[in-house]
Amino acid sequence: AGHVRFENVSFGYDAGRPILRDLELDVPAGSTLAVVGPSGAGKSTLARLLYRFYDLTGGRITVDGQDIAQVRQASLRAAIGIVPQDTVLFNDTIGYNIAYGREGAEIPEVETAAKGAAIAGFIERQPLGYATRVGERGLKLSGGEKQRVAIARTLLKNPPILILDEATSALDSRTEAEILDTLEAIERGRTTIVIAHRLSTVVHADQIVVLEAGRIVEKGTHAELLRRE
Ligand code: ADP
Ligand code: ADP
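Residues numbered from 1 in each chain as written. Chains lettered and ligands numbered in written order. Predicted model: local features only at pLDDT ≥ 70, side-chain atom pairs only at ≥ 80, totals over all residues. Heavy atoms only, no water.

Considerations on the site of ligand 2
Surrounding ligand 2, one finds 13 residues, the nearest of these being G40, G42, K43, S44 and T45. Within the side chain of T45, a nitrogen or oxygen atom sits 2.5 Å from an oxygen atom of ligand 2. Within the complex, the protein chains bury 65% of what would otherwise be the 550 Å² of accessible surface of ligand 2. In the shell around ligand 2, the residues fall into five nonpolar, five polar and three charged. (Near = heavy atom within 4 Å. Polar contact = N/O pair within 3.5 Å; in protein donor to acceptor, adjacent residues only side chain to side chain. Areas by Shrake-Rupley, 256 points an atom, 1.4 Å probe, with all protein chains shown as cover. Nonpolar A, V, L, I, M, F, W, Y, C, P; charged D, E, K, R; others polar.)

Shown next, in the form of structure tokens:
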């Protein structure tokens, strides 16, 4: 499950000022699509449309053949996890921050759910030791650790569709490399849309589209795009 298609999608925030034009995307279930392009190209907008933050001005988006405009918003959003660029944590424990959004979640519940979603191991392998530090307050964490909390929060949902919206671009390059490895492992088996501003961070994507001023100007694998440069 998780076949995402954009069919002839157009969108503008203001009438008469289109942001995305005639966008065609086909992301088979379980594959990774990377969207790269300059700031202002419309990459985040594209991701928000899949989450149905806004209505399209033209075309349609389907998940497993169903028009998302016809799906209940709650079930659509339950199927999609987003890891944002900058994570704002609550001045509370790591456990609370991971569980945020899960009603009534307590730390033991978070631990159980984390194990169920196979994320406890992932966090333990990282400098952020989940088992030992789950009660620690989130504000002391480094940028990389905060991103891991954001990833864990998203994974707890275990969404079949994952959106990484410049999830590593605020990090230094060493931390970015560490987290990219983690993300690659997490993407397996999920339909993933990675938004990035550099080609070098999306080497593993099954397909890459380059967006400029709301249009796809190039598409291919990483190797194909490099060859054309
Ligand atoms: P990014 O390139 O990382 O997506 P932006 O600077 O484009 O960041 O946008 C940051 C935030 O400001 C987003 O939440 C976006 O919706 C909002 N935003 C960007 N441009 C405008 C605009 N022209 N009018 C209103 N909100 C905007
Ligand atoms: P990218 O993610 O590629 O940087 P965005 O999708 O954030 O691009 O923005 C694409 C265009 O839409 C930009 O011109 C931006 O200013 C505009 N924009 C983004 N969010 C909003 C918003 N909430 N309201 C109005 N304009 C916006």
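More follows now that the structure is in view.
Quick look at the sheet that holds strand β7 (residues 161-165)
Here we have six strands laid out as an open sheet, ordered β6-β7-β8-β3-β9-β10, and mixed in their pairing. Two strands lie at the open edges of the sheet, namely β6 (80-83) and β10 (215-220), each paired on one side alone. For this sheet, the mean angle separating the axes of adjacent strands, direction not counted, is 20°. Note that strand β3 (residues 32-36) and strand β9 (residues 207-212) share four bridges and pair parallel. Among the inter-strand pairings, L33 is bridged to a residue of β9, identified as Q207. Packed on one face of the sheet, helix α1 (residues 43-50) meets β3, β6, β7, β8 (191-196) and β9 and runs near 155° to β8. Along the sheet, helix α7 (residues 143-156) makes contact with β6 and β7, crossing β6 at roughly 175°. (Pairing = 2+ DSSP bridges. Helix = DSSP H or I, 4+ residues; strand = E, 2+ residues; numbered from the N terminus. Axes fitted to C-alpha atoms, helices over the stretch in contact; angles between N-to-C directions. Contact = heavy atoms within 4.5 Å.)

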